[in-house]
Amino acid sequence: MSWFSKKPRISTAEPDGRVRKTSRMQGLWVKCEDCNEIIYRQEVEKNLHVCTNCGYHLPWPARERLKAVLDPQSFRELDADLEPEDPLAFADSKKYRERLRAARKALQSPDAFVSGIGEIGGHLVSVGCFLFEFMGGSMGSVVGEKVARVFERGYDKDCPALIFSASGGARMQEGILSLMQMAKTSAALVRFHRRSRPYISVMLHPTTGGVAASFAWQGDVILAEPKALIGFAGPRVIEQTIRQKLPEGFQTAEFLLEHGMIDAIVARKELRPKLEQLLGLMG
Ligand SMILES: [Zn+2]
């Protein structure tokens, strides 16, 4: 691309032309990932982090999501003390321990999953939600344990289970221990099914790798947010493997719904009433 076709950069220059290094305006605006519109942050937050211009579903912090979807003051977080270890003493460009420390500090959360017990429309649910911002929502041994406990709690309390997934897959820094979480969570789910209670899986953008290939796709009801990327491997890897061009929109929630891989696409505003309805019918 030649230099003159570049879009002008938006600067927060002072009237005298000086550009402040740390602007007071920083963080007040959000750029939509889909339509590139710059929107006032408060407006987006009020709109459940959905673009007010095009309706694109921007990332919604896990705790805010749980607060909005569950009945007021009904959520009780559990297993918040579980913290990952570094069993392989893994280091790539950075030590795993350092990555964990930085993510914990930035997000005030011990790992990429928050879980507990809550109510939706008065129905008790064992619930969990991924924090994609925490190392790409990757599933290591602690995330796997917490997911398994969502099903175990559902079994013990004889109530439905609900998981919101957003993940890049297994946490490579924990090697084989991460991959084992796929079997572990699936086994916990099989045991939970003996209760004949529903497990509702909500796939957010993006749900991929070992999470999509285990419990996220094993829901009795599988919901997804609009335009969410859902799949196992990324499209480039698949194209290289099968040496074919993939169809338009492949791995989007809309494509998967059309091909019978998920049950429904639910817009964020409709999420709580939809879950309440499902729990009323099946719970
Ligand atoms: Zn937009």
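For the structure given in this document, a descriptive report is provided here. Small disclaimer: the values here were computed from a predicted structure and weren't measured.

Looking at the zinc ion, one finds its protein donor set to be C32 (SG), C35 (SG), C51 (SG) and C54 (SG), positioned 2.2 to 2.3 Å from the metal centre. What the four donor atoms of the zinc ion show is an angle range of 106 to 113° at the metal, which sorts the shape as tetrahedral. Between consecutive donors of the zinc ion, the numbers of intervening residues give the motif C-x2-C-x15-C-x2-C.

Turning our attention to the packing of aromatic side chains. Under the criterion given, the structure shown has six aromatic pairs. Taken together, a centroid distance of 5.5 Å and an interplanar angle of 70° make the contact between F250 and F255 edge-to-face. According to the relative accessible area criterion, F250 is partly exposed, its value standing at 27%. Among the aromatic residues, ring-to-ring pairing joins F113, F130 and F215 into one connected group. The ring of Y155 is capped by R191, whose NZ or CZ atom sits 4.0 Å from the centre of that ring. The ring of Y155 is capped by R195, whose NZ or CZ atom sits 4.4 Å from the centre of that ring.

Among the surface-exposed residues, L28, W29, I38 and Y40 lie close enough to one another that they form a single nonpolar patch of about 340 Å² accessible area. Under the relative-accessibility criterion, W29 is labelled partly exposed at 41%.

As a further point, take the pairing of strand β8 (residues 221-224). One face of the sheet, then the other: side chains in a regular strand alternate in exactly this way. Taking every second residue as pointing to the same face, both faces of β8 are buried, with V221 and L223 on one and I222 and A224 on the other. Relative to β8, strand β7 (residues 199-207) is paired through four bridges, and the arrangement is parallel. If you follow I200 over to β8, its bridge partner there is V221. The sheet contact formed by β8 and strand β9 (residues 264-265) spans two bridges and is parallel. From the neighbouring strand, A224 faces β9, where its bridge partner is I265.

Here the focus is the pattern of salt bridges. Under the definition given, this model contains 17 salt bridges. For E43, the salt bridge identified is with K46, shortest N-O distance 3.7 Å. Placement of both E43 and K46 in helix α1 (residues 41-46) is noted, with a separation of three residues, approximately one turn of the helix. We classify K46 as exposed; its relative accessible area is 66%. Ionic pairing is found between R197 and D158, a salt bridge with its closest N-O pair at 3.1 Å. Taken as a pair, R197 in the loop between α5 (175-192) and β7 and D158 in the loop between α4 (141-157) and β6 (161-167) lie far apart in primary sequence, 39 residues in all. Overall, R197 belongs to the partly exposed group, its relative accessible area being 24%. Linked through salt bridges whose partners overlap, the residues forming this network are D79, E145, R149, R153 and K184.

Moving on, we get to the pairing of β7. Burial within β7 is extensive, with eight of its nine residues counted as buried. Two elements, β6 and β7, share six bridges in a ladder whose sense is parallel. In the sheet register, A161 faces β7, and the bridge partner there is Y199.

Time to look at α5. Residues that lie three or four places apart on an α-helix share one face, since the helix turns once every 3.6 residues. For α5, with 18 residues, the first-to-last C-alpha span of 27 Å sits near the 26 Å given by 1.5 Å per residue. Along α5, the positions that sit buried rather than exposed are S178, Q181, T185, S186, A188, L189 and F192. Looking at the buried residues of α5, the elements they touch are α4, β6 and β7.

One key point about sheets: their strands pair by backbone hydrogen bonds, in either a parallel or an antiparallel sense. Pairing in this open sheet of seven strands is mixed, and the strands run β3-β4-β5-β6-β7-β8-β9 from one edge to the other. The sheet is open, and its two edges are formed by β3 (76-78) and β9, each paired on a single side. In this structure, strand β4 (residues 113-120) lies alongside strand β5 (residues 123-130), joined through eight bridges in antiparallel fashion. Following the sheet pairing, E119 is matched in β5 by L124. This element, helix α9 (residues 268-282), spans β4, β5, β6, β7 and β8 of the sheet and lies at about 175° to β8.

The rules behind these values
- Residues numbered from 1 in each chain as written.
- Predicted model: local features only at pLDDT ≥ 70, side-chain atom pairs only at ≥ 80, totals over all residues.
- Heavy atoms only, no water.
- Donors = N, O, S within 2.8 Å, 3.2 Å for Na, K, Ca; no water.
- Tetrahedral: all angles 85-135°; square planar, octahedral: opposite > 155°, others 65-115°.
- Phe/Tyr/Trp six-rings, centres within 6.5 Å; stacked < 30°, edge-to-face > 60°.
- Buried < 20%, exposed > 50% of the residue type's maximum accessible area, 1.4 Å probe, protein only.
- Lys NZ or Arg CZ within 6 Å of the ring centre and 35° of its normal.
- Patch = residues over 30% accessible without salt bridge, like charges linked within 9 Å, V, L, I, M, F, W, Y side chains within 5 Å.
- Areas by Shrake-Rupley, 256 points an atom, 1.4 Å probe, with all protein chains shown as cover.
- Salt bridge = Lys/Arg side-chain N within 4 Å of Asp/Glu carboxyl O.
- Helix = DSSP H or I, 4+ residues; strand = E, 2+ residues; numbered from the N terminus.
- Pairing = 2+ DSSP bridges.
- Expected span 1.5 Å × (residues − 1).
- Contact = heavy atoms within 4.5 Å.
- Axes fitted to C-alpha atoms, helices over the stretch in contact; angles between N-to-C directions.

Interpretation note: all reported values are geometric properties and have no functional meaning in isolation.
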